[in-house]
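If you want the building blocks of each chain, they are given just below.
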Amino acid sequence: MRMKSPSSAGDGHRSNIEPPNRKMTLLVAFSFILVLSLLLLGWENLDAPSVRGTTGQDQPPAHAGRYDDRQYRNRFALAPGELPGYTGWARPEQTLAGYFDMTPVSHPSPARDLQTKHHSVLNSGDRFSFLLTCNHNSTIGIDAESEPPYECPSEGGTLFYVRAYGPSVISGLVTDHRNASYSVDMQFVDPGQYTLEVVVTFSVPMEYDEFPIEEETWSEEELIEPGYEGYMVAGFPLSLQVDPPTQLSKTTEEGRKPWCTLAQLTETSPHSALYKGHWQVIDNVARLSHQPLTPDETVVSLDGYRMGLNSVGVRMRYDYEECELLHIRDIFGNGTGGVDRCLREQLGFDIPVPVVRDDLPEGANVTEGSGVGYANGTARNIESGSVSQPLDLVEDNASFEEGVHVIFIGDSVMKLVLGFFSKLVRGSLGFKVTFIETNGGIHVTMPAVTATLEEIKKREEGKNIKRAILFNTGLHDIDVLCCSKRARTRNETHVLSQGESCSSAYREAMAQLVRTIDEYPAELKAFRSTTAGWQKYGNYGFSWRANEMQPMSRSPHLADHFNDISYDIIQRQSENILITDGYWITLPRPDHTQISNRNQVGKHLVHPGFEVLSVLARRWFMLVLWGLCGDSFGECVSTIGGRASEEVSSD
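Right, let's walk through the structure included here. Just so it is clear, the structure is predicted and the values come from calculations on it, not from any experiment.

### Digging into the packing of aromatic side chains
Scanning the model with the defined rule gives 25 aromatic pairs in all. Judged by centre distance (6.2 Å) and plane angle (40°), the rings of Tyr99 and Tyr150 are tilted. Of this pair, Tyr99 sits in the loop between helix 2 (69-72) and strand 1 (100-104) while Tyr150 sits in the loop between strand 3 (127-134) and strand 4 (159-165), and the two are 51 residues apart along the sequence. Taken together through their ring pairs, the aromatic side chains of Tyr86, Trp89, Phe202, Tyr228, Phe542 and Trp544 make up a single cluster. Lying over the aromatic face of Phe420, Lys423 brings its terminal NZ or CZ to 5.4 Å of the ring centre.

### Regarding the pairing of strand 2 (residues 120-123)
Alternating residues of strand 2 divide into Ser120 and Leu122, all buried, and Val121 and Asn123, none buried. Here 4 bridges tie strand 2 to strand 10 (residues 238-243), and the two strands are oriented parallel to one another. In the strand pairing of strand 10, Ser120 is matched with Leu240.

### Let's talk about the state of the cysteines
Going through the model one piece at a time under the given rule, you end up with 4 disulfides. For Cys134, the disulfide goes to Cys152, at an S-S distance of 2.0 Å. A torsion of -75° about the S-S bond marks the disulfide between Cys134 and Cys152 as left-handed. One end of the pair, Cys134, is in strand 3; the other, Cys152, is in the loop between strand 3 and strand 4, with 18 residues separating them in the sequence. Neither residue differs from the other here; Cys134 and Cys152 are each classed as buried.

### Concerning the packing of helix 15 (residues 610-629) against helix 16 (residues 633-640)
Put simply, helix 15 and helix 16 touch, their axes get as near as 9 Å, and they point 125° apart. If you check the angle between helix 15 and helix 16, you find them oblique. When you trace helix 15 past helix 16, the crossing you get is right-handed. Seen from helix 15, the contacting residues are Phe621, Met622, Leu625, Trp626 and Cys629; seen from helix 16, they are Phe633, Cys636, Val637 and Ile640. Grouping the constituent residues of the contact of helix 15 with helix 16 by class yields 9 nonpolar, no polar and no charged.

### Some thoughts on the environment of Thr516
By secondary structure assignment, the location of Thr516 is in helix 13 (residues 502-519). Expressed as a C-alpha distance, the spacing of Thr516 and Thr450, which sit 66 residues apart in the sequence, is 7.3 Å.

### A word on the sheet that holds strand 17 (residues 464-471)
Neighbouring strands of a sheet are bound in pairs by backbone hydrogen bonds; such pairs are parallel or else antiparallel. Read across the sheet, 5 strands follow the order 16-15-17-18-19 without closing on themselves; strand pairing throughout is parallel. Only two strands of the sheet have a single neighbouring strand rather than two, namely strand 16 (431-437) and strand 19 (577-580). With direction set aside, neighbouring strand axes in the sheet form an average angle of 25°. Sheet topology places strand 18 (residues 524-528) next to strand 19; 4 bridges connect them, and they run parallel. Note that in strand 19 the partner of Phe527 across the bridge is Ile579. The strands that helix 10 (residues 442-459) touches are strand 15 (402-410), strand 16 and strand 17; relative to strand 16, the one it contacts most, it runs at about 155°.

### Concerning a negative patch on the surface
Among the surface-exposed residues, Glu155, Glu207, Asp209 and Glu210 lie close enough to one another that they form a single negatively charged patch. Within the secondary structure layout, Glu210 lies in the loop between strand 8 (192-202) and helix 4 (215-221).

### Structural notes on the sheet that holds strand 6 (residues 173-176)
Strands sit in the order 1-3-7-6 across an open sheet of 4 strands; the sheet is antiparallel. Looking along the sheet, the strands with just one partner apiece sit at the ends: strand 1 and strand 6. Pairs of neighbouring strands in the sheet enclose a mean axial angle of 25°, with direction left out of account. The pairing of strand 6 with strand 7 (residues 181-187) spans 4 bridges and is classified as antiparallel. Residue pairing across strands places Thr175 opposite Ser183, the latter belonging to strand 7.

### Some thoughts on the environment of Glu82
Within the fold, Glu82 resides in the loop between helix 2 and strand 1. Between the C-alpha atom of Glu82 and that of Gly166, which follows or precedes it by 84 residues, the distance is 9.3 Å. Beyond its immediate sequence surroundings of up to four residues, Glu82 is in contact with Ala77, Tyr165, Asn284, Ala286, Arg287 and Val312. One polar contact links the side chain of Glu82 to the main-chain amide nitrogen of Ala79, over a distance of 2.7 Å. At a separation of 2.6 Å, a polar atom in the side chain of Glu82 contacts the side chain of Arg287.

Parameters and conventions
- Residues numbered from 1 in each chain as written.
- Predicted model: local features only at pLDDT ≥ 70, side-chain atom pairs only at ≥ 80, totals over all residues.
- Heavy atoms only, no water.
- Phe/Tyr/Trp six-rings, centres within 6.5 Å; stacked < 30°, edge-to-face > 60°.
- Helix = DSSP H or I, 4+ residues; strand = E, 2+ residues; numbered from the N terminus.
- Lys NZ or Arg CZ within 6 Å of the ring centre and 35° of its normal.
- Buried < 20%, exposed > 50% of the residue type's maximum accessible area, 1.4 Å probe, protein only.
- Pairing = 2+ DSSP bridges.
- Disulfide = S-S within 2.5 Å.
- Axes fitted to C-alpha atoms, helices over the stretch in contact; angles between N-to-C directions.
- Parallel < 35°, antiparallel > 145°, perpendicular 65-115°, else oblique.
- Left-handed = near helix turned anticlockwise from the far one by under 90°.
- Contact = heavy atoms within 4.5 Å.
- Nonpolar A, V, L, I, M, F, W, Y, C, P; charged D, E, K, R; others polar.
- Patch = residues over 30% accessible without salt bridge, like charges linked within 9 Å, V, L, I, M, F, W, Y side chains within 5 Å.
- Areas by Shrake-Rupley, 256 points an atom, 1.4 Å probe, with all protein chains shown as cover.
- Salt bridge = Lys/Arg side-chain N within 4 Å of Asp/Glu carboxyl O.
- Lys, Arg positive; Asp, Glu negative; His and termini not counted.
- Charge placed at Lys NZ, Arg CZ, Asp CG, Glu CD.
- Polar contact = N/O pair within 3.5 Å; in protein donor to acceptor, adjacent residues only side chain to side chain.

Below, the structure written as structure tokens:
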């Protein structure tokens, strides 16, 4: 990176301080280029054609020969301390973080010459497991005459957050054995050095069926929700060494992995997504191999902060272990119009071809048919034959006669996914997108969801329209039904019966929603599990209040619990609804959430960042193609613009 000098050669003593109007021009240009390049051309990696190692030479793509010696020394890998940990929220003094003993299970400590550097050495692809045992009888650091201030719960219950980072960032699965011992399992794929963190989030949490605690209970019994702790377990972080594997991952003759199948993109249990993929580090501003992405690296912007260039300084992409997601280049490889070409040639839809006219004002165009645009932030169908309008003037209409209607049902996170999905099909005359909001929880919005679905069915009766539904309800349900701070809302809306737990209420409401979706006519139906909202450890950029703890009800643990309920209901009630992951893909990324100018806490604790949203949108686009094309998926992708694929099965 070149540093700017105080003056410019050949220009006398010209100052390097730009006039205000030029500074504003630079900021506007900076923001425009970032948005155009990163949002439209593949936010998470700009298709990351290569990874550079310490030699400074270009390496093969990460999916082709990922484990050669140069990749093993990948200088993009994160060193200890390069991801944020505790970032300043108020937390209680009481914690059991110092009471745990760690015992390796799968990989014992290495030979003595490596013990000072690495706690364990394993091979890429290995499952790494260890045992945590709460031991209040330990006398380490305690005077012989003193007693430890706390006791370990004999039946367990402590909650943790587990993260390892290096060449990639991964999470771990914690199993509570209900005897004060906990096993932790992880899988490392990319070789290199990792920093392993185990954090106590709640030492003695409430049982899930004890939520909510109402306000009147506080004064009578002085009960409050446990506050989030976020203390590192004693002895952590640990250093792990992951050596290259003996075999390369599966690839095609082109050096790329095969397309992800329907089975690989959907889940069979609450934990099945954990080992399917991981977040791989593809860029690090603090490395010599980093290539500037902006015209002036001395300028900062909100977009640059959001993508990591002006904040943590790291960019990542989500990498499936055995298969590959569609990239932006696969969707727009043959220019615009590829999606409609697939609908015409592979699925038999009579989708008109756009007509370009020369007699319109500059920047305007006319289309014969309907396409996808925006109205008030929501992607809507554009009226046939209309001149292009400002985004806030486009209105929904009933003129959509043929094609694919994609229906999103969910909260603000789902709406953000819809925004990215709409970019993938923008300009398509054969796609219509509808958003049905569930803000406030499904208890409140279920009548509106049902009525809107019925209206859509009635409007589209007799038309050649195929429907695909992606739905979720979780974060708002947790907040309204479980959080002690929302007692007034519960009293006003009567969403809970006397003495009813929030888990029970959610189970009842979710069962009703699943019945409605299951009976609704659509070619594809999928539930996206609730994202890991309200993560405290590992995030950054928030203005925390110094005198207020974060309650247990607003933590990823409640999202995980509600996902367990959702999986159980769907698998009991429906054979037609697929399940896709939203939890494990977001749990490792507390460093990457929505950011605003003032960095308020609020929604930025529950809204994922653009790298995550891009993966969720492209995965759903891929699932829609699988649902419509079936075993002809490869031909559909080839028609759209992606690489030709070998014959693949949806199984």
